[in-house]
Amino acid sequence: MGEKSRSRGCCGWFLVLVVLALIAGAIVFAVKKKSSHSDDDPAPVPGPPGAIEKKYSDALKMAMKFFDVQKSGKLVDNQISWRGDSGLKDGSDANLDLSKGMYDAGDHMKFGFPMAFTATVLSWSILEYGDQMDAVGQLDSAKDSLKWITDYLINAHPSENVLYIQVGDPEVDHACWDRPETMVEKRPLIQINASVPGTEVAAETAAAMASASLVYKKSDPSYSSKLLKHAEELFSFADENRGIYSINIPEVQTYYNSSGYGDELLWAASWLYHATQDESYLDYVAGSNGKLYAKWGSPTWFSWDDKHAATQVLLSRLNFFGSESASKSVQVYKKTAEAVMCGLIPESPTATSSRTDNGLIWVSEWNSLQHPVSSAFLASLYSDYMLTSRTAKFSCNGDTYTPADLRKFAKSQADYVLGNNPLKMSYLVGYGDKFPQYVHHRGASIPADAKTKCKDGFKWLDSTEPNPNIAYGALVGGPFLNDTYIDSRNNSMQGEPSTYNSALVVGLLSSLVTTSSAVQSFT
């Protein structure tokens, strides 16, 4: 009896162990199965801005200041102690007030092409990430800086087929080294018109006006309507009077030579569609002009001269959030936008090799930071479009990637700029403990109380002392391919900041300043 009882007991325990093992195995299998398909499940839709990431918040606040550094005209609530009123008579030769606007870089030129690009990118940043800017107290400043440019652009467009695209003579301007407050050299004007067309400048200005009209649509409807009217007129002018501006006006070739105007026409039409919902603008980008100019299937770099990649990302918004008909008409743009994203992710089988050894996108010696910052901005946008629309992944030659992969790339570029680089130096002036001290910028290099004229200011260019004034928020040109940087005032290739680079870095930092937030309708 005892042995039989023990035998039954052993069998009972054996059965219990078998059942438990089967249950455990089922749990492990279920977990593995879920894990193996985790990429198929979209991440939760982000909510309102979450926890602030301090380094990006501090960097954004600093980057925003460069717009104040670059302002021309009679300054209102001036935040930069060493800046004052300047360019007050700009435009007077044509009985226009062109005193506002912003100086292009370290000089005192107002180039309309990159200035309009600055306004378009700043508008886009506000439209997508205004809630995040607001979370760190920067939205009002961004809108004020944008209006400083659009006020100028409105005045620069006195009639339907006339647009003033430049204030100042670059040869005269660059022959001087003086503060904008004391400059006395002549500042002639250049215009485009029906006889001397400049399609890309007119179209970029139309894009700036259209995108800005959306920024002010609720807060200032009258101003928004004025901007939209100018945008529509400028687009018609650009489209009906086609010509490359730097061929028609050869003197601009040294500074902002254009590679063509097709991308600007598509860029402007895309913004006008978003601003008006007029189907004719959608037909414009989807039809023969798209076939002619869009470079479908060919990834490109986003810059002041090339808007193809940005147009593809902007129009992909319609695939994620638009109507079925709108989505179908621009599907080919989204496919190319995905190809751009595949090129950016380092692990992708189609990843670009245009990078430094430390992972920074690197395309050009001059102004090398423009391309990594613009690429990272587009990657952040596309990541947030995917998250908001609950799109789990996209494919790159059979390998799949997620919004998190794009955000990781965007952060890597931002972090490099902010000091995670071999030099352990921030390329954003005023941010961090180490940043360039010899920025190629006249106003920053000359003491505010100096009484210099055109020529005698060159002693400050050649001085071995660091700049007496900090060009707060300036994003300098950037490193060479070998990750080196020469901090010299005469090194304009690496050390000159530009206003349009500031718009791009403001957009990037705004996208990263809090946990990823849901993008919203422009309208």
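Conventions and cut-offs
- Residues numbered from 1 in each chain as written.
- Predicted model: local features only at pLDDT ≥ 70, side-chain atom pairs only at ≥ 80, totals over all residues.
- Heavy atoms only, no water.
- Helix = DSSP H or I, 4+ residues; strand = E, 2+ residues; numbered from the N terminus.
- Core = buried A, V, L, I, M, F, W, Y, C linked by side-chain atoms within 4.5 Å.
- Buried < 20%, exposed > 50% of the residue type's maximum accessible area, 1.4 Å probe, protein only.
- Contact = heavy atoms within 4.5 Å.
- Pairing = 2+ DSSP bridges.
- UniProt positions renumbered as here; feature names shortened; annotations may be inferred.
- Disulfide = S-S within 2.5 Å.
- Polar contact = N/O pair within 3.5 Å; in protein donor to acceptor, adjacent residues only side chain to side chain.
- Patch = residues over 30% accessible without salt bridge, like charges linked within 9 Å, V, L, I, M, F, W, Y side chains within 5 Å.
- Areas by Shrake-Rupley, 256 points an atom, 1.4 Å probe, with all protein chains shown as cover.
- Salt bridge = Lys/Arg side-chain N within 4 Å of Asp/Glu carboxyl O.
- Lys, Arg positive; Asp, Glu negative; His and termini not counted.
- Charge placed at Lys NZ, Arg CZ, Asp CG, Glu CD.
- Axes fitted to C-alpha atoms, helices over the stretch in contact; angles between N-to-C directions.
- Parallel < 35°, antiparallel > 145°, perpendicular 65-115°, else oblique.
- Left-handed = near helix turned anticlockwise from the far one by under 90°.
- Nonpolar A, V, L, I, M, F, W, Y, C, P; charged D, E, K, R; others polar.
- Phe/Tyr/Trp six-rings, centres within 6.5 Å; stacked < 30°, edge-to-face > 60°.
- Lys NZ or Arg CZ within 6 Å of the ring centre and 35° of its normal.

1. Section: unusual backbone geometry
A negative phi angle is the norm for most residues apart from glycine, just as the trans form is the norm for most peptide bonds.
Next up, step 1: Phi is positive for aspartate 77, which is not a glycine, with a value near 50°.
Next up, step 2: When you line up the elements, aspartate 77 lands in the loop between helix 2 (54-69) and strand 1 (110-111).
Next up, step 3: Unlike most non-glycine residues, glutamine 277 shows phi in positive territory, near 60°.
Next up, step 4: Assignment of secondary structure puts glutamine 277 in the loop between helix 10 (262-276) and helix 11 (279-286).

2. Topic: the nonpolar core
Next up, step 1: Membership of the largest hydrophobic core comes to 150 residues, with the highest contact counts inside it found for Trp124, Trp271 and Met341.
Next up, step 2: Among the elements that line this core, the one with the most residues is helix 3 (residues 112-135), at twelve residues.
Next up, step 3: Setting aside anything within four residues of it in sequence, one finds tryptophan 271 in contact with Thr120, Trp124, Leu127, Ala207, Ala210, Ser211, Leu214, Leu314 and Phe522.

3. Comments concerning the pairing of strand 2 (residues 162-167)
Remark: a regular strand shows side chains that alternate across the two faces of the sheet.
Next up, step 1: By the criterion of burial, strand 2 is predominantly enclosed, with six of the six residues buried.
Next up, step 2: In this structure, strand 1 lies alongside strand 2, joined through two bridges in antiparallel fashion. For phenylalanine 111, the partnering residue across the bridge sits in strand 2 and is glutamine 166.
Next up, step 3: Of the strand pairs in this sheet, strand 2 and strand 3 (residues 189-193) are connected by five bridges, and their pairing is antiparallel. The partner of glutamine 166 across the bridge, within strand 3, is isoleucine 190.

4. Thoughts on the UniProt feature "active site" (unreviewed entry) in the protein
Next up, step 1: In this numbering, the UniProt entry assigns the feature "active site" (unreviewed entry) to His440.
Next up, step 2: Here histidine 440 is to be found in the loop between helix 17 (403-417) and helix 18 (442-445).
Next up, step 3: For histidine 440, a relative accessible area of 13% translates into the label buried.
Next up, step 4: The contacts of histidine 440, once residues within four sequence positions are left out, are Gly106, Trp177, Leu461, Arg489, Ser492, Gly495, Glu496 and Pro497.

5. Focus: the side chain of asparagine 241
Next up, step 1: Note on placement: asparagine 241 falls in the loop between helix 7 (221-240) and helix 8 (245-248).
Next up, step 2: When near neighbours in sequence (up to four residues on either side) are disregarded, asparagine 241 contacts Asn161, Ala194, Pro197 and Thr199.

6. Quick look at the state of the cysteines
Next up, step 1: Under the criterion given, the structure shown has two disulfides.
Next up, step 2: Here cysteine 176 pairs with cysteine 454 through a disulfide, and the sulfurs are 2.0 Å apart. In this structure the cystine formed by cysteine 176 and cysteine 454 twists about its S-S bond by roughly -90°; its chirality is therefore left-handed. With a gap of 278 residues between them, cysteine 176 in the loop between helix 5 (170-174) and strand 3 and cysteine 454 in the loop between helix 18 and helix 19 (458-461) connect regions that are remote in the sequence.
Next up, step 3: Its relative accessible area of 2% is what places cysteine 176 among the buried residues.
Next up, step 4: The disulfide partner of cysteine 342 is cysteine 396, and the gap between their sulfur atoms is 2.0 Å. Residues cysteine 342 and cysteine 396 are joined through a disulfide that is left-handed, its torsion about the S-S bond being -85°.

7. Points about the side chain of asparagine 193
Next up, step 1: For asparagine 193, the position within the fold is in strand 3.
Next up, step 2: Asparagine 193 gets classed as buried once you look at its relative accessible area, which sits at 17%.
Next up, step 3: For asparagine 193, the side chain forms a polar contact with the side chain of glutamine 191, separated by 2.7 Å.
Next up, step 4: A polar contact is formed between the side chain of asparagine 193 and the backbone nitrogen of serine 195, at a distance of 2.9 Å.
Next up, step 5: Ignoring any residue separated from it by four or fewer positions in sequence, one finds asparagine 193 in contact with Asn161, Val162 and Phe237.

8. Remarks on a negative patch on the surface
Next up, step 1: Judged by side-chain charge, Asp77, Asp134, Asp140 and Asp144 come together as a negatively charged surface patch.
Next up, step 2: Given a relative accessible area of 65%, aspartate 77 falls into the exposed group.

9. Observations concerning the packing of helix 4 (residues 139-155) against helix 7
Next up, step 1: Running from N to C, helix 4 and helix 7 cross one another at 50°; their axes reach a closest spacing of 11 Å. Taken together, helix 4 and helix 7 sit at an angle that is classed as oblique. Taken as a pair, helix 4 and helix 7 cross one another with a handedness that is left-handed. Of the residues in helix 7, those in contact with Lys147, Thr150, Asp151 and Ile154 of helix 4 are Tyr223, Lys226, Leu227 and His230.
Next up, step 2: Residues that form the contact of helix 4 with helix 7 fall into these classes: three nonpolar, two polar and three charged.

10. Digging into the UniProt feature "domain: Glycoside hydrolase family" (unreviewed entry) in the protein
Next up, step 1: The UniProt record annotates "domain: Glycoside hydrolase family" (unreviewed entry) at residues 56-509.
Next up, step 2: As annotated, residues 56-509 has a helix share of 50% and a strand share of 4%, and its two end C-alpha atoms lie 6 Å apart.

11. Some details on the packing of aromatic side chains
Next up, step 1: Scanning the entire structure with this criterion turns up 28 aromatic pairs.
Next up, step 2: Aromatic pair tyrosine 216 and tyrosine 223: ring centres 5.4 Å apart, planes at 80°, arrangement edge-to-face. We note that tyrosine 216, like tyrosine 223, is buried.
Next up, step 3: Between tryptophan 267 and tryptophan 271, the ring centres sit 6.0 Å apart and the planes meet at 80°, which makes this aromatic pair edge-to-face. Separated by four residues within a single helix, tryptophan 267 and tryptophan 271 lie in helix 10, roughly one turn from each other. Comparing tryptophan 267 with tryptophan 271 shows no difference in burial state: the two are buried.
Next up, step 4: Directly above the ring of tryptophan 148 sits lysine 71, whose terminal nitrogen or CZ lies 4.7 Å from the centroid.
Next up, step 5: When the ring centre of tryptophan 148 is taken as reference, the NZ or CZ atom of lysine 100 above it lies at 4.6 Å.

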